[in-house]
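In case you want the letters, here they are:
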Amino acid sequence: MLISENNIEVRYAETDQMGIVYHANYLVWMEIGRTKLIKDMGFNYAELEAEGILSPVLDIQASYKKPLKYGQTATVYTWIEKYDGLRVTYGYKILTETGELAVSGSSIHVCVKKDSFRPISIKKLYPTWHQAYEKNKKEEAE
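Being a predicted model, the structure only gives us computed values, none of them experimental.

Trainee: How do you make sense of the environment of A46 when you look at a structure like this?
Mentor: Looking at the secondary structure, you find A46 in helix α2 (residues 45-50). The exposure class assigned to A46 is partly exposed, which follows from its relative accessible area of 49%. A sequence separation of eleven residues divides A46 from T35, and the C-alpha atoms of the two residues are 9.3 Å apart.

Rendered as structure tokens:
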């Protein structure tokens, strides 16, 4: 299983009135993690979009455990939790500088045609992406 790692410095603009990272910013960090994971597998999401394929979020979940603050560095870990040739579930862990769990989560995506928003089969239309997802996804027994 491939796990992508990304360090993010918490910027002042990402914090709320309490001085902690505003909850929605973690979703942005998850997207940064997904993009990095795809790049780590040798692909470029922007190229897929240029071909008229989008990957909307069907469902997203986040559990907040420990706050991060301005000036700290978060580490975002991203992996493929599940993949069936059509849907992809990404898993996330965001850790504090000291390695404590700040946020855990997941998001489910499907690829669609940009013009019709109809789902496509990654397995059929993008066999190299399919092979990479199969190779790098979390094993069932893990």
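Read on for the rest.
Trainee: Is there a simple way to explain helix α1 (residues 23-40) in this structure?
Mentor: Given 3.6 residues to a turn, an α-helix orients residues that are three or four positions apart in the same direction. Across its 18 residues, α1 extends 26 Å between first and last C-alpha, which sits within 8% of the 26 Å expected from 1.5 Å per residue. All of the buried residues along α1 are N25, Y26, W29, M30, G33, R34, L37 and I38. Positive backbone phi, at 100°, marks G42, one or two positions downstream of α1.

Trainee: What should I look at first to understand the side chain of S107 in this one?
Mentor: For S107, the position within the fold is in strand β6 (residues 101-110). Under the relative-accessibility criterion, S107 is labelled buried at 0%. Separated by 2.8 Å, the side chains of S107 and H109 make a polar contact. In contact with S107, not counting residues within four places along its chain, are R34, D59, I60, V88, T89, Y90 and Y92.

Trainee: What's the story with a nonpolar patch on the surface in this structure? I'm lost.
Mentor: On the surface, L27, V57, I60 and Y64 cluster together to form a nonpolar patch covering roughly 310 Å² of accessible area. Looking at the nonpolar patch element by element, the count peaks at three residues for strand β3 (residues 57-64). Tracing the chain through its elements places L27 in helix α1.

Trainee: Looking at this structure, how should I read the sheet that holds strand β1 (residues 4-9)?
Mentor: Think of a sheet as strands paired side by side through backbone hydrogen bonds, with each pair either parallel or antiparallel. Sheet architecture is open: five strands sit in the order β1-β4-β5-β6-β3, paired in antiparallel fashion. The sheet is open, and its two edges are formed by β1 and β3, each paired on a single side. Across the sheet, the axes of successive neighbouring strands diverge by a mean angle of 20°, strand direction being ignored. Where β1 meets strand β4 (residues 73-83), six bridges bridge the pair, whose relative direction is antiparallel. Among the inter-strand pairings, E9 is bridged to a residue of β4, identified as T73. Relative to the sheet, α1 contacts β1, β3, β4, β5 (87-95) and β6, its axis offset from that of β1 by approximately 140°. Contacting β4 and β5, helix α4 (residues 127-136) crosses the sheet at an angle of about 105° to β4.

Parameters at a glance
Residues numbered from 1 in each chain as written. Predicted model: local features only at pLDDT ≥ 70, side-chain atom pairs only at ≥ 80, totals over all residues. Heavy atoms only, no water. Helix = DSSP H or I, 4+ residues; strand = E, 2+ residues; numbered from the N terminus. Buried < 20%, exposed > 50% of the residue type's maximum accessible area, 1.4 Å probe, protein only. Expected span 1.5 Å × (residues − 1). Polar contact = N/O pair within 3.5 Å; in protein donor to acceptor, adjacent residues only side chain to side chain. Contact = heavy atoms within 4.5 Å. Patch = residues over 30% accessible without salt bridge, like charges linked within 9 Å, V, L, I, M, F, W, Y side chains within 5 Å. Areas by Shrake-Rupley, 256 points an atom, 1.4 Å probe, with all protein chains shown as cover. Salt bridge = Lys/Arg side-chain N within 4 Å of Asp/Glu carboxyl O. Pairing = 2+ DSSP bridges. Axes fitted to C-alpha atoms, helices over the stretch in contact; angles between N-to-C directions.

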